[in-house]
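# Coordinate inspection notes
Here is how the chains run, residue by residue.
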Amino acid sequence: MKLKHLVSAAVAACAINTAMAGEVEVLHYWTSGGEAKSAAALKSMLESKGHKWKDFAVAGGGGENAMTVLKSRAISGNPPAAAQVKGPAIQEWAQEGMLAKMDAVAGTEKWDSLLPAVVADVMKYKGSYVAAPVNVHRVNWMWANPDVLKKAGVEGMPKTWDEFFVAADKIKKSGAVALAHGGQNWQDFTVFESVALGVGGAQYYDKALVKLDAATLKSPTTTKVLETFRKLKGYTDAASPGRDWNLTTAMVIQGKAGFQFMGDWAKGEFTAAGKKPGSGFLCAAAPGTANAFTFNVDSFILFQLKDAEAQKAQQALASAILSDEFQEVFNQNKGSIPVRLGHDMGKFDDCAKLSAKDFVSTSKSGGLVPSIAHGMAVAPAAQGAMQDVVTQFWNDDKMSVADAQARLTKAAATR
Ligand code: GAL
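This structure is a prediction, so every number in the text was calculated from the model and none was measured. In this convention, every chain numbers its residues from 1, walking through the sequence in written order. For a predicted model such as this one, the threshold for reporting local features is a pLDDT of at least 70, and the threshold for listing and counting side-chain atom pairs is 80 or more; totals across whole chains, interfaces and linings nevertheless cover every residue. The basis for the side-chain values is all heavy atoms of the structure; hydrogens and waters are excluded.

### Points about the overall build of the protein chain
Definition in use: In this description a helix means any DSSP run of H or I spanning at least four residues, a strand means any run of E spanning at least two, and both kinds are numbered starting from the N terminus. As defined in this context, the radius of gyration uses C-alpha atoms, and a globule is described by 2.2 Å times the residue total to the power 0.38. For every residue, the accessible area obtained with a 1.4 Å probe (protein chains only) is divided by the maximum for its type, and the residue is called buried under 20%, exposed over 50%, and partly exposed between those limits. Residues count as neighbours in contact if any of their non-hydrogen atoms are within 4.5 Å of one another. In short, Shrake-Rupley with a 1.4 Å probe defines the accessible areas, and a residue's cover is counted only from the protein chains shown. The sign given to each residue is positive for Lys and Arg and negative for Asp and Glu; His and the chain ends receive no count. By convention, the charge on Lys lies at NZ, on Arg at CZ, on Asp at CG and on Glu at CD.
The secondary structure content of the protein chain amounts to 19 helices and 15 strands. By the compact-globule yardstick of 22 Å for 415 residues, the protein chain fits well, its C-alpha radius of gyration being 22 Å. Expressed as a percentage of the 415 residues in the protein chain, the buried residues total 56%. A separation threshold of at least 6 residues defines the contact pool for the protein chain, and within that pool the share at least 24 residues apart is 76%. For the protein chain, the accessible surface area stands at approximately 17,400 Å², while carbon and sulfur atoms represent 55% of it. Averaged over its 45 positive side-chain charges, the protein chain has a centre that lies 1 Å from the centre of its 40 negative ones.

Here it is in structure tokens:
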């Protein structure tokens, strides 16, 4: 008996040592203030389980740079253990046959019942989990600085695009920048999808930007979307082109600008700056989108590894990501809401509480739609082609709305 115990103790010690030696190299693009805090939470959780985190951060909002780097590492046969990849791109990586299955962890920890079906489906390839979801970001947000609004005589957050332009005119007159916008392709596309949702509604959005229906893209509603989108440019500042999203959020934080349209990772910046919703900043759904929700779920894919110890560390990462403890800390820093169903929102701020409430209600009403600008709605090729058109239209004041609309319809057919 004694011997048996000793043997099993030795085996257990061995297992711990083995686990301790595991290292995961994690590719991500969380480099802004709020994001870095969030990434640090994941790192410390993994390290508390005895594994090593090798940071592989590639700066660049929206992750385009990170994806380029990931492809070159994968092509050279040396992918990282884990990478921040989401939406339909997960399927493309899985089709390459490079991903590890997470079914063991997912089964033990009951991911199927922990996750909303709309999320679980995206994480699976041929019935197996190949990605672990981290959070739910809402993209259709409008952020504002309450002092700037007050000074300009703007009462309350605008609920329609008409109200928005009235408010923006007042802010412009008061001397502040009405709309903080970072002129980068993915930020242009982020604003565009909120305009599309607000002007056309969730059904239009679904047909035009998820199903990529040509007739809907050619419809008068798309014309109106493009016109509204173009009008916004007149409210941005001269330094907008090329500016990073977090520096753009900083304009609102510092009272230089009134509004910003950005997903709720922007809230991570307000929070990191010590601002509280209500007094330090305001959040509301973008005009016309209160009954809809563009979701953006961050997730990690895990690559197949040969080393057994590294595999264990990978599994530990997947398990940590879905833990209650991690979801609580990470999402408060990141601005998103937990992806686990039924998570207690008690300690979250009012914007997150609204997001959690709207996530549930829109999933029942049909207002829950995937974000195209953040890789959730369509395959990367069509997304990239459409994003290019939107950016060209934003930057080239001479491009007619009709021309942009025709190009957008053509781009949507890219495979
Ligand atoms: C989104 C991503 C967020 C945040 C943001 C800015 O696509 O889902 O987690 O990182 O880009 O980079």
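### A closer look at the sheet that holds strand β15 (residues 368–370)
Whether parallel or antiparallel, the strands of a sheet pair through hydrogen bonds between backbone atoms. Which entries qualify depends on this criterion: Strands are labelled as partners when DSSP assigns at least two bridges between them. Every axis corresponds to a line fitted to the C-alpha atoms, with the helix fit spanning only the stretch in contact, and the corresponding angles, defined between N-to-C directions, vary from 0 to 180 degrees.
Overall, mixed pairing links the four strands, which are arranged β14-β7-β12-β15 in an open sheet. Every interior strand has two partners, whereas the edge strands, β14 (337–338) and β15, have only one. Judged from the three bridges that link them, strand β12 (residues 293–296) and β15 form a sheet pairing that is parallel. Opposite Phe 295, over in β15, you have Pro 370 as the bridge partner. Contacts from helix α10 (residues 185–210) reach β12 and β15 within the one sheet, and its direction differs from that of β15 by about 75°.

### Structural notes on the packing of helix α13 (residues 245–253) against helix α14 (residues 265–272)
Counted only if it meets this: By definition in this entry, angles of less than 35 degrees are roughly parallel, angles greater than 145 are roughly antiparallel, angles of 65 to 115 are roughly perpendicular, and the rest are oblique. By convention the crossing between two helices is left-handed if the near helix lies anticlockwise of the far one by an angle smaller than a right angle, and right-handed if it lies clockwise. In this count, Pro and Cys sit with the nonpolar residues alongside Ala, Val, Leu, Ile, Met, Phe, Trp and Tyr, while Asp, Glu, Lys and Arg are called charged and the others, Gly among them, polar.
Packing of α13 against α14 leaves a shortest axis separation of 10 Å and a crossing angle of 55°. Taken together, α13 and α14 sit at an angle that is classed as oblique. Here α13 and α14 pass one another in a crossing that is right-handed. On α14, the residues touching Trp 245, Asn 246, Thr 249, Val 252 and Ile 253 of α13 are Trp 265, Ala 266, Glu 269 and Phe 270. For the contact of α13 with α14, the per-class residue count stands at six nonpolar, two polar and one charged.

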